[in-house]
Every structure is written in structure tokens, then in C-alpha cells.
There are 2 protein chains.
Amino acid sequence: MEYPSKLIEDAVNEVAKLPGIGKKTALRLVLHLLKRDEEQTETLAQSLTTMRTQVKYCRKCHNLSDHELCTICASNKRDQSLICVVEDTRDVLAIENTAQYKGLYHVLGGIISPVEGIGPSDLQIDSLIARLRGTEGEQVREIILAISPTMEGDTTAFYLQKKLRPFNLKISTIARGVPIGGDLEYADEVTLGRSILSRIAYD
Amino acid sequence: MEYPSKLIEDAVNEVAKLPGIGKKTALRLVLHLLKRDEEQTETLAQSLTTMRTQVKYCRKCHNLSDHELCTICASNKRDQSLICVVEDTRDVLAIENTAQYKGLYHVLGGIISPVEGIGPSDLQIDSLIARLRGTEGEQVREIILAISPTMEGDTTAFYLQKKLRPFNLKISTIARGVPIGGDLEYADEVTLGRSILSRIAYD
């Protein structure tokens, strides 16, 4: 496509580098910004640059943070003996939204994926082990592996289980089964099969 | 949702102001930028700001342009007696992509929409009339109204027809009918009805 302006073309190309945004959507977004005040574009550009250059990672759990310790790690209301291991910040947000968990987190920063060339050493696994050894003054009693039940997620969970076994603590994973509100008929056979094997007894 | 960082929250809020992008998508985009080099975010922010502050509108056709005259208006290969009136830049790009049109354009910058409070005076209609009067040295023979066949588009086209009638030039509109490759069975009755009324005789 031949753009009427080099400036537009540059902006469209940069926006289209974002995941899930093609050239057509990028052009729509750029034209939208042109219809709005200059200030809106300025604020957008500024907030992206500031975010990228100034955001920190929590020293303890490696979640995104404005300070050296994130608000969760710094809180005295959280159960310091429980660590939930997740892939990235979005998982922390999702679990926090449930308001069902009161322990700490550990953000791996990815999952093991040979296809994308991500191995255990690219993830925050050594720092998790350091936490278990007590370098951060924590006395961890249980580790919950809250990693997506995909091929790569299961590999990562399996690797972590092996690494964590010597520490003699409780290791659990989040329950897999039929989603609440879901229809049995439409559940895939693997999920349905596991949900029968892991059936829960009524009290 | 409670974000782990004020910087992330600000960036997500700004990105989510773009049309069609919700908070979840915005967060995904922001986290994507965090995984890439700082340079990518810097280039993105810079290209948006430069585009917003430096892009011009062509003096003649009001299309986006890097110079006072856009490349189409400045070209001596285009038929100066033909003006195609469109809603915005995207329509120019779409028509240019067909490689079937060799005249000039006139970009209205919108269409008449009482719901959104856009009236004829908000559009580049006076400047179109000025072009027909010859202020730009053009001798226009035909105007093609290439405006979307929607309620608002038809209103705009109807308004323009009345405004342009005194100039004694040919006024046409793009053909409406069954799309090529489309299935008659699935064409809506208005389109199909019109395509019968506007049937084309074989040579």
C-alpha cells in the first residue's frame, strides 16, 4: 500500500509491530490520533516511554513494580509462607482479581519453550530457589504452581517439581476441570477425563 | 483491576483510549513492549509524536501529505479534469490500490452525521466548490462521489449533488451492486433490487 505521507507510513509501520495489530488497524489508529488533540498523542507517547524506561521488577517476586519491592511483597497482610508461581504479570492480575489468594507470588517471566528458544536459565527459577533457601527471610511452607495447562506449561511445571522436591515443602497445582458455567457436552475429552479422575468428594 | 505499577496503569489507560482497544488488549501491548528493547518503544513514541505534529493536509485535496501539495495533486500524470470525492484518507488508499483511477481526489474529512454533530460546515465542501470555481487552476469536467452507501453517506452525497448542480458538470457515483465473487442468494434485497434496476447491457 502506498501511503500519502512518509510520516504516516513510519507511524503505521511502528504501530503494526505490536502483536495482533496489522497494517489496516494500525492505519485506523494513526488516523484516529490525527483527529484528536495533539495532546492525546503526546500523552500516549510520553506514558509509553516513561513506562518502558522507569518501570522496575520487584527484587523478591520479579513482578512489575514502581519500587524495589512490589506492593504485594511489601504488604504485611499477605501470608509469607505461601508462594504462587506464575508465568507473567497478567496471571498475577487474574489471580488477584479473584480475591481468593492471600499469599505471595513468584513471576517466572515466561515458560520453557524449546520452539522459541526459552530454557530454564531464561526464567526466574534460580531466584525462586534462593527464596526457598531463605535469602529473603521467608519461611516458605507451600508452593502453588499456577501455570497454564498447555504443553509448554506442563513441561515447566514438571521441571519445577523436580527442582523443588529436595526442599521438603508442599507443592500443589491449581485444579483442572470443567469450567463453572461450562457445558459438559462441549468440554474436551482430556479435561472431562481429568475432571472425573480428580473428582471431589462432597463433605 | 489493580495494576502492580502506576506507570503500567498510566500506559494501559492511554493505550486503551484508542478505538477498538480495551484494557486487556492494552495491557497485552504494554507488556509486549516491556519484553522488547527500549529502542522499540522509543521509536514508536517518537514516530507517533512526529506524525501528529508534522503531518500536513494537501492544500488542494486535503488528503494527508508531507508537503503543501500531496503527491497525487502534484503529479502531471493524473487527469486534472476528474475529481473523486471521498470521506477520508483510507478511501483514497483503497481506490489507489485498485489502480483503476487516474484523476484527482477531494477528501471531505468526514460525512454529514447529525448524531455525531457533524454538519456540512465541518467538512471540506467550501474548498471543493472553490476548486470548481477554478481557484486552483483546474478545469473540472466530472465529479465522482465515492461515498459509502450508508444512511449518512447517502445524505452527504445528496447534499453534495444539490450544491454541485449549478456548476454544469457531470456528477456520478460509484456503481452499487452484487460484489464480484459474492453469492446472489446472500445479497441483501436492497442491493439485489438496485443491481437489477441498474443492470448493465452487454456490448
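Conventions and cut-offs
Residues numbered from 1 in each chain as written. Chains lettered and ligands numbered in written order. Predicted model: local features only at pLDDT ≥ 70, side-chain atom pairs only at ≥ 80, totals over all residues. Heavy atoms only, no water. Least-squares fit on C-alpha atoms with pLDDT ≥ 70 in both. Contact = heavy atoms within 4.5 Å. Buried area = accessible area lost by both parts, 1.4 Å probe. Salt bridge = Lys/Arg side-chain N within 4 Å of Asp/Glu carboxyl O. Polar contact = N/O pair within 3.5 Å; in protein donor to acceptor, adjacent residues only side chain to side chain. Helix = DSSP H or I, 4+ residues; strand = E, 2+ residues; numbered from the N terminus. Pairing = 2+ DSSP bridges. Axes fitted to C-alpha atoms, helices over the stretch in contact; angles between N-to-C directions. Domains from an automatic or database assignment.

## Observations regarding the relation of the copies chain A and chain B
- Relative to chain B, chain A is turned by 180° and slid 0.1 Å along the rotation axis, the superposed coordinates differing by an RMSD of 0.1 Å. On this basis, the relationship between the two copies can be described by a two-fold rotation axis. Across chain A, the smallest distance between a C-alpha and the rotation axis is recorded for Ala45 of chain A, namely 2.1 Å.
- When the interface residues of chain A are mapped onto chain B, 100% of them again lie at the interface, so the same face is used by both copies.

## Points about the interface of chain A and chain B
- Facing the 51 residues of chain A at the interface are 51 residues of chain B.
- Summed over both partners, the interface of chain A with chain B comes to about 5,200 Å²; 71% of that surface belongs to carbon and sulfur atoms.
- Interface area lost by chain A to chain B is led by Pro4, Leu7 and Arg52 of chain A, which between them contribute 13%.
- Counting across the chain A and chain B interface gives zero salt bridges.
- Scanning the region where chain A abuts chain B turns up ten residue pairs in polar contact (both at pLDDT 80 or more).
- Of all the secondary structure elements, the ones that give two or more residues to the side of chain A that touches chain B are helix H1 (6–15), helix H2 (23–35), helix H3 (38–54), strand S2 (64–65) and helix H5 (89–98) of chain A.
- In terms of residue count, the dominant contributor to the side of chain A that touches chain B is H3 of chain A (15 residues).

## Looking at the sheet that holds strand S5 (residues 142–145) of chain A
All names here are of chain A.
- Taken in spatial order, the four strands line up as S4-S3-S5-S6 in an open sheet, and their pairing is parallel. Only two strands of the sheet have a single neighbouring strand rather than two, namely strand S4 (103–107) and strand S6 (170–173). Adjacent strand axes in the sheet meet at a mean angle of 25° when their direction is disregarded.
- The sheet contact formed by strand S3 (residues 79–86) and S4 spans five bridges and is parallel. Bridge assignment links Val86 to a residue of S4, and that residue is Val107.
- Helix-sheet contacts for H5 involve S3 and S4, and the interaxial angle to S4 is about 160°.

## A closer look at the domain arrangement of chain A
- Taken as a whole, chain A is organised into domain 1 (6–54) and domain 2 (64–173).
- On a C-alpha basis, the centroid separation for the pair domain 1 of chain A and domain 2 of chain A is 34 Å.

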